[in-house]
Amino acid sequence: MGKPSAPTPPDPVATASAQTGTNVSTAIANANLGNVNQVTPNGNLSYDQTGSYSFKDPTSGKTYDIPRYTATTTLSPGQQAIKDQTDAAQLNLAGTANQQSAFLQDYLGKGMDLSDLPTAGDASKITAPDFQQFGQGPQLQGSIANAGDVTKTYGTDYADNVKQVQDALLSRINPQLQQQQTALETQLSNQGIKLGSAAYDRAMQLFGQQKNDAQYGAIINAGQEQSRLAGLAQNQAQFENAAQQQQYNQNLGDATFANTAAQQGFENANTTTTNNNQVASAQNAAQLAQFNAEQSSRQQALQEQFASRNQPINEISALLSGSQVSQPNFINTREPTIPTTDYAGIVQQNYANQMGQYNSALGSWNSTIGGLFGLGAGLIKASDRRLKTDIKKVAETGDGQNVYQYRYKAGGPMQLGLMAQEVEKKRPEAVIEMPGGYKAVDYGKAFGLGKTLIKEAA
């Protein structure tokens, strides 16, 4: 029943150091698995350890010896002979290219003759189209004649009429209700039902509901009179507004007809302008197409001139490139790999599991405490120390009262609660005498109606 203790969190430095050691060991093992020597018809590939270097972990200060490897490729005798012949051929080609390069000094010193190329297009012959401006829109009528004001209120709430009707009805009902109440009180007294008894209160409550219903009926009748008068005023306002709406619609129709005629004249004039502008745009497009054709013809001739001039240079570059030796075609070996163990994740998961168990136990503890001290004024419990055994202090309230874990001597499970003898010293009004001279505690009074805070015992 005691409050559980939280688990000790893992040391991040020790966890990081162990994870680094695991990572380094796995990396070295995977490097050894991946360094697979290969033998092919064109040559061999071999791996050899040619030394090592030291790596110091900045977290733990521990030093690791990391091996260093060298990959050596050896050609087969036939491929080695080809390579020797290729090297000699490349040397001969480089000599030929060197001799031909002397020709370039005189060749590049001469400029290109562009006199026979087609003439470029003349952009000055392209004239901008002469577009006509569209006419200004017609002056439209933006307002209509006033059709009169809209009636927005009936002008009165008829409160005086309602008050007269309500007072007249209540003046008739209230004396009758008073007589009925007097008769009911007399009847109850004759039946032996006393004032303040449950039966008397029920009878008077029922009569009060009947009295309220009667008075409420008078108020409803008065409200109906108010609704009738308001309806008459509403009919009058609706007639006036209908006439105003009819006049407004007539004024709107006149303005709409005038604006439609003006808009039609504006659209007819602009249709002619649009046609003229389309003709001007077509003339400009034909001039632009002629210019583009002349430019394309000249550009094609320039590209042919440049290709002819670059041909000797390209031949020398080809001689310098030589031929390539075929390297051995090594296969991608299917060597296994060792996955790295997530040491830090394992440590963290173990801590998380411990925290989960702790939180579950803490939740059970808080639920037990909350269930006891959330009952409020309705809980009266036998709390005499003489009735209990296995007593252990586990917490205390905000005002210093001790909370104990215990069993009753008569048997049963472990309990949580106060000791009546201690409560009697701080809150004597919360202690009740039980038969046999034992004491009980009213927990609502002891805790100030359940608002006293609970804190863990030291």
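Everything below is about the structure shown above.
Keep in mind that what you see is a predicted model, and the values were worked out from it rather than measured.

### Remarks on the environment of Glu-429
Here is step 1 of the chain: Here Glu-429 shows up in the loop between helix H6 (420-426) and strand S8 (431-433).
Here is step 2 of the chain: Along the backbone, Glu-429 and Val-441 are 12 residues apart, and their C-alpha atoms lie at a distance of 9.2 Å.

### Focus: the pairing of strand S3 (residues 63-75)
Here is step 1 of the chain: Note: strand S2 (residues 43-56) against S3, 12 bridges, orientation antiparallel. Considered in S3, the bridge of Ser-54 is made with Asp-65.
Here is step 2 of the chain: What sits between S2 and S3 in their antiparallel hairpin is a turn of 6 residues, with Gly-61 showing a positive phi close to 80°.

### Describing unusual backbone geometry
Across the chain, the bulk of peptide bonds are trans and the bulk of non-glycine residues have phi less than zero.
Here is step 1 of the chain: Although it is not a glycine, Asp-390 adopts a positive phi angle of roughly 55°.
Here is step 2 of the chain: By the secondary structure assignment, Asp-390 is in strand S5 (residues 388-397).

### Concerning a nonpolar patch on the surface
Here is step 1 of the chain: On the surface, Tyr-216, Ile-219 and Ile-220 cluster together into a nonpolar patch covering about 290 Å² of accessible area.
Here is step 2 of the chain: In this structure, Ile-219 sits in helix H4 (residues 198-321).

### Notes on helix H1 (residues 12-34)
Here is step 1 of the chain: Taking 1.5 Å per residue as the helical rise, H1 with its 23 residues ought to reach 33 Å, and the 32 Å between its terminal C-alpha atoms agrees with that figure.
Here is step 2 of the chain: Restricting attention to buried positions, one finds in H1 the residues Thr-15, Ser-17, Gln-19, Gly-21, Val-24 and Thr-26.
Here is step 3 of the chain: The N-terminus of H1 is capped by Asp-11, whose side-chain oxygen sits 3.2 Å from the backbone nitrogen of Val-13.

### Let's talk about the sheet that holds S3
Here is step 1 of the chain: The 3 strands are arranged S1-S2-S3 in an open sheet whose pairing can be described as antiparallel. Whereas interior strands pair on both sides, the edge strands pair on one side only; in this sheet they are strand S1 (38-40) and S3. In this sheet, adjacent strand axes meet at a mean angle of 20° when their direction is disregarded.
Here is step 2 of the chain: Its contacts with the sheet place H1 against S2 and S3, and it is angled at close to 15° to S3.

### A look at the nonpolar core
Here is step 1 of the chain: Counting 14 residues, the largest nonpolar core has Leu-418, Val-423, Val-441, Tyr-443 and Ala-446 as the members making the most contacts within it.
Here is step 2 of the chain: Those elements that provide at least two residues to this core are S5, H6 and helix H7 (443-446).
Here is step 3 of the chain: Residue contacts for Val-423: discarding those within four places in its chain leaves Gln-401, Leu-418, Pro-428, Ala-430, Val-431, Val-441 and Ala-446.
Here is step 4 of the chain: Counting residues in hydrophobic clusters, the runner-up holds 5 residues, among them Leu-184, Tyr-200, Met-204 and Phe-207.

### Side note on the sheet that holds strand S4 (residues 380-382)
Here is step 1 of the chain: Taken in spatial order, the 3 strands line up as S4-S9-S8 in an open sheet, and their pairing is antiparallel. On the outer flanks of this sheet lie S4 and S8, each paired with one strand and no other. With strand direction ignored, the average angle separating the axes of adjacent strands in the sheet is 35°.
Here is step 2 of the chain: Pairing analysis gives 3 bridges linking S8 to strand S9 (residues 439-442), with the strands arranged antiparallel. Along S9, the bridge assignment pairs Val-431 with Val-441.

### A word on the side chain of Lys-388
Here is step 1 of the chain: Tracing the backbone shows Lys-388 in strand S5.
Here is step 2 of the chain: Only 3.5 Å separates the side chain of Lys-388 from the backbone oxygen of Ser-383, close enough to count as a polar contact.
Here is step 3 of the chain: Discounting chain neighbours no more than four positions away, the residues touching Lys-388 are Ala-382, Ser-383, Tyr-406, Arg-407, Tyr-408, Lys-409, Leu-418 and Met-419.

### Quick notes on the pattern of salt bridges
Here is step 1 of the chain: One pass over the full model with this rule turns up 8 salt bridges.
Here is step 2 of the chain: The partner of Asp-399 in a salt bridge is Arg-427, and the shortest N-O contact between them spans 3.2 Å. Note that Asp-399 is positioned in the loop between S5 and strand S6 (402-408) and Arg-427 in the loop between H6 and S8, a separation of 28 residues in sequence.
Here is step 3 of the chain: Looking at Asp-399, the relative accessible area reads 26%, which means it is partly exposed.

### What about the packing of aromatic side chains?
Here is step 1 of the chain: Applying the stated rule across the entire model yields 2 aromatic pairs.
Here is step 2 of the chain: On the basis of an interplanar angle of 25° and a centroid distance of 6.3 Å, the ring pair of Phe-55 and Tyr-64 is categorised as stacked.
Here is step 3 of the chain: The exposure class of Phe-55 is partly exposed, given its relative accessible area of 35%.
Here is step 4 of the chain: Lying over the aromatic face of Tyr-404, Arg-385 brings its terminal NZ or CZ to 5.7 Å of the ring centre.
Here is step 5 of the chain: Lys-388 extends its terminal NZ or CZ atom over the ring of Tyr-406, reaching a point 3.9 Å from the ring centre.

What counts, and at which threshold
- Residues numbered from 1 in each chain as written.
- Predicted model: local features only at pLDDT ≥ 70, side-chain atom pairs only at ≥ 80, totals over all residues.
- Heavy atoms only, no water.
- Helix = DSSP H or I, 4+ residues; strand = E, 2+ residues; numbered from the N terminus.
- Pairing = 2+ DSSP bridges.
- Patch = residues over 30% accessible without salt bridge, like charges linked within 9 Å, V, L, I, M, F, W, Y side chains within 5 Å.
- Areas by Shrake-Rupley, 256 points an atom, 1.4 Å probe, with all protein chains shown as cover.
- Salt bridge = Lys/Arg side-chain N within 4 Å of Asp/Glu carboxyl O.
- Expected span 1.5 Å × (residues − 1).
- Buried < 20%, exposed > 50% of the residue type's maximum accessible area, 1.4 Å probe, protein only.
- Polar contact = N/O pair within 3.5 Å; in protein donor to acceptor, adjacent residues only side chain to side chain.
- Axes fitted to C-alpha atoms, helices over the stretch in contact; angles between N-to-C directions.
- Contact = heavy atoms within 4.5 Å.
- Core = buried A, V, L, I, M, F, W, Y, C linked by side-chain atoms within 4.5 Å.
- Phe/Tyr/Trp six-rings, centres within 6.5 Å; stacked < 30°, edge-to-face > 60°.
- Lys NZ or Arg CZ within 6 Å of the ring centre and 35° of its normal.

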